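Close look at the chain arrangement
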Amino acid sequence: MPDQPASPPPHSPLPATVTPQMRRVAWASLVGTTIEWYDFLVFAAVAGLVFDKLFFPSLAPGSALLASFATVGISFLARPLGGIVAGHLGDLYGRRAMLVATLVLMGGSTTAIGLLPGYGAIGVAAPVLLVVLRFLQGISAGGEWGGAALLAVEHAPSGRRGLFGSFPQLGGPFGLVLANLVLLAVSTATTPAQFVVWGWRIPFLLSVVLIGVGLVIRARVGETPVFAELRRTKARRSAPLAVLLRSHLRAVVVATALFVGVNLCGYILIAFISSYGTRTLHVSRSAMLLVGVAGALSWGLWTVIGARWSDRLGRRRTYLLGTVALAVWSFPMFLLLDTGSLPWMLLAVFGLAFGLGLTYGPQAAAYAELFPAAVRYSGASLAYALGAVIGGGFAPLAAAWLLARTGSSLSVSAYMVVGCVITFAGVLAWTERPMREREESVSTVDKAGAEVAG
């Protein structure tokens, strides 16, 4: 099969020269994805703090919280749609155009959420509109990551694709840091009542400024050399999604499985721990936001380290180590969190960050290497979105339900292990293939005998 060679060639031991253009692209990927994920993640953080009171006050407290977490998961149902549309258009018309479109859609949706009246003002229309806007955020997120990842990886020198691919990956932890810092500042400057009434809106309205910055930066970045070559040689596919599903379905399944565990565990950090700490452990909101910031910074550090290790040791080995670390740490993490002591809680998220970084850091390069150039945006976006749906999409909701059902946080730990087992199976089924070999190979990609070139 074109997706799985008999044996993977070694990774390039010597990195090529890094040009100013490469650096500009890397930083543009970092800034753009940070802004995009800030918008996406601030919703997840606020949902666990106030949305149950504002948009679902007619429900019992426990049910309202579950409904609030369900709105977080709704966006993940939209992500495959966003991935399909943006991936298709990105393979046809280029990576950069789709990045601009997804950034505008995310910013507009986030700002509208900040202006949305609550249930007390417009009744049932409030939660309905909240779900619609979150769905639009999901479409944007589904199309954003693949383009940002390929923009960085396809510009990168061969020996540093893992490292350059870590720049868009850093948008996740950095967006979480930014979201938590803004929420911490607003929470500190307002009373609890003020935060519930109007303070929570400020982080959403701030998106207007951030999106403007992101658009200016992305407008200065050119199209990737790989896509430019596809355009020059007229090797773009008229139906990249059909070719992907017909000839590279195994790669889609493997790539999807690779993301399930890291995304599930990541959303426990992003959206569940803060609510768990404040509501169950009765730790202050400020302390839990601090724990979230510390965990995200550590996640970012290990993301870069994991990406660098993947350039030296191979993507698969690094990914395997990170997956095992996530599974092993799942139970100690909640035992430490349950102490309610800030130092032990910090240790809990630091340990989680190690496994998250070693799986998240190599992901952009790994996805780029799994698919040939002509269907790469479609493949990366679809697999990423499907992995997110299965993994993190309803992780906060599932975690809250398990906690309510069992009364033990260790049930959440077991849930995390299940996600890691799925990713472990993906790692075992994954055969590495460096992207340069992908670009140089000429394969039969469909039964009509069309060539995929890169």
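Conventions and cut-offs
- Residues numbered from 1 in each chain as written.
- Predicted model: local features only at pLDDT ≥ 70, side-chain atom pairs only at ≥ 80, totals over all residues.
- Heavy atoms only, no water.
- Helix = DSSP H or I, 4+ residues; strand = E, 2+ residues; numbered from the N terminus.
- Buried < 20%, exposed > 50% of the residue type's maximum accessible area, 1.4 Å probe, protein only.
- Contact = heavy atoms within 4.5 Å.
- Areas by Shrake-Rupley, 256 points an atom, 1.4 Å probe, with all protein chains shown as cover.
- Salt bridge = Lys/Arg side-chain N within 4 Å of Asp/Glu carboxyl O.
- Core = buried A, V, L, I, M, F, W, Y, C linked by side-chain atoms within 4.5 Å.
- Phe/Tyr/Trp six-rings, centres within 6.5 Å; stacked < 30°, edge-to-face > 60°.
- Disulfide = S-S within 2.5 Å.
- Axes fitted to C-alpha atoms, helices over the stretch in contact; angles between N-to-C directions.
- Parallel < 35°, antiparallel > 145°, perpendicular 65-115°, else oblique.
- Left-handed = near helix turned anticlockwise from the far one by under 90°.
- Nonpolar A, V, L, I, M, F, W, Y, C, P; charged D, E, K, R; others polar.
- pLDDT = per-residue confidence, 0-100.
- Patch = residues over 30% accessible without salt bridge, like charges linked within 9 Å, V, L, I, M, F, W, Y side chains within 5 Å.

**Describing the overall build of the protein chain**
A count of helical and extended segments in the protein chain gives 21 helices and two strands. Relative to its full complement of 454 residues, the protein chain shows a buried share of 60%. The contacts of the protein chain with a sequence gap of at least 6 include a subset with a gap of at least 24, amounting to 87%. Surface accessibility of the protein chain: about 16000 Å² in total, with carbon and sulfur atoms responsible for 70%.

**Here we look at the pattern of salt bridges**
Applying the stated criterion across every chain yields a total of five salt bridges. Across the salt bridge formed by lysine 53 and aspartate 52, the nearest N and O atoms sit 3.9 Å from each other. With a relative accessible area of 44%, lysine 53 lands in the partly exposed category. Residue classification places aspartate 52 among the buried residues on the basis of a relative accessible area of 7%. Look at the salt bridges and you will find they share partners, linking Asp52, Lys53 and Arg279 into a network.

**Section: the nonpolar core**
In globular proteins that are soluble, nonpolar side chains generally tend to be buried together. Of all hydrophobic cores here, the largest spans 115 residues; its most connected members are Phe51, Trp200 and Ile268. The dominant element in this core, judged by the number of residues it contributes, is helix α13 (residues 249–280), at 17 residues. Beyond its immediate stretch of four places on either side in the chain, isoleucine 268 contacts Ile273, Met333, Phe334, Ala395, Ala399, Val412 and Met416. Within the second largest apolar cluster, eight residues are counted, among which are Ala26, Leu30, Ala156 and Phe164.

**Observations regarding the packing of aromatic side chains**
Summed over the entire model, instances satisfying the criterion amount to 18 aromatic pairs. Taking 4.3 Å as the distance between ring centres and 20° as the angle between the ring planes, the aromatic pair formed by phenylalanine 259 and tyrosine 384 counts as stacked. Here phenylalanine 259 is found in helix α13, whereas its partner tyrosine 384 is found in helix α18 (residues 376–390), with 125 residues between them in sequence. Here phenylalanine 259 falls in the buried class, since its relative accessible area comes to 1%.

**Some details on the state of the cysteines**
Tallied over the full model, the rule gives zero disulfides. Here cysteine 420 stays unpaired: no disulfide links it, and the sulfur of cysteine 265, its closest cysteine neighbor, is 4.0 Å away.

**Observations concerning the packing of helix α19 (residues 395–406) against helix α20 (residues 410–429)**
Two numbers describe a pair of packed helices, the interaxial angle and the distance between the axes. Put simply, α19 and α20 touch, their axes get as near as 8 Å, and they point 140° apart. For the element pair α19 / α20, the angle class is oblique. Crossing geometry of α19 relative to α20 is assigned as right-handed. Counting all contacts with α19, which are made through Ala395, Ala398, Ala399, Leu402, Leu403 and Thr406, the residues of α20 involved are Ser411, Val412 and Tyr415. Split into classes, the residues belonging to the contact of α19 with α20 amount to seven nonpolar, two polar and no charged.

**Here's the deal with the confidence of the model for the protein chain**
Confidence in the prediction of the protein chain, expressed as mean pLDDT, is 83, and 88% of residues score 70 or more. Below a pLDDT of 50 lies the segment residues 1–15, which in the model reaches 37 contacts outside its immediate sequence neighbourhood of four places, other chains included. This stretch, residues 437–454, has a pLDDT under 50; its non-local contacts, to residues over four places away or in other chains, come to 47 contacts.

**Some remarks on a nonpolar patch on the surface**
On the surface, Leu77, Leu81, Ile84, Val85 and Phe135 cluster together into a nonpolar patch covering about 390 Å² of accessible area. The element contributing the most residues to the nonpolar patch is helix α2 (residues 61–93), with four residues. Topologically, leucine 77 is positioned in helix α2.

**Side note on the environment of valine 283**
Topologically, valine 283 is positioned in the loop between α13 and α14 (285–313). Along the primary structure valine 283 and leucine 342 are separated by 59 residues, whereas in three dimensions their C-alpha atoms are 8.9 Å apart. Leaving out residues up to four positions away in the same chain, valine 283 has contacts with Gly277, Thr278, Met288, Gly340 and Met345.

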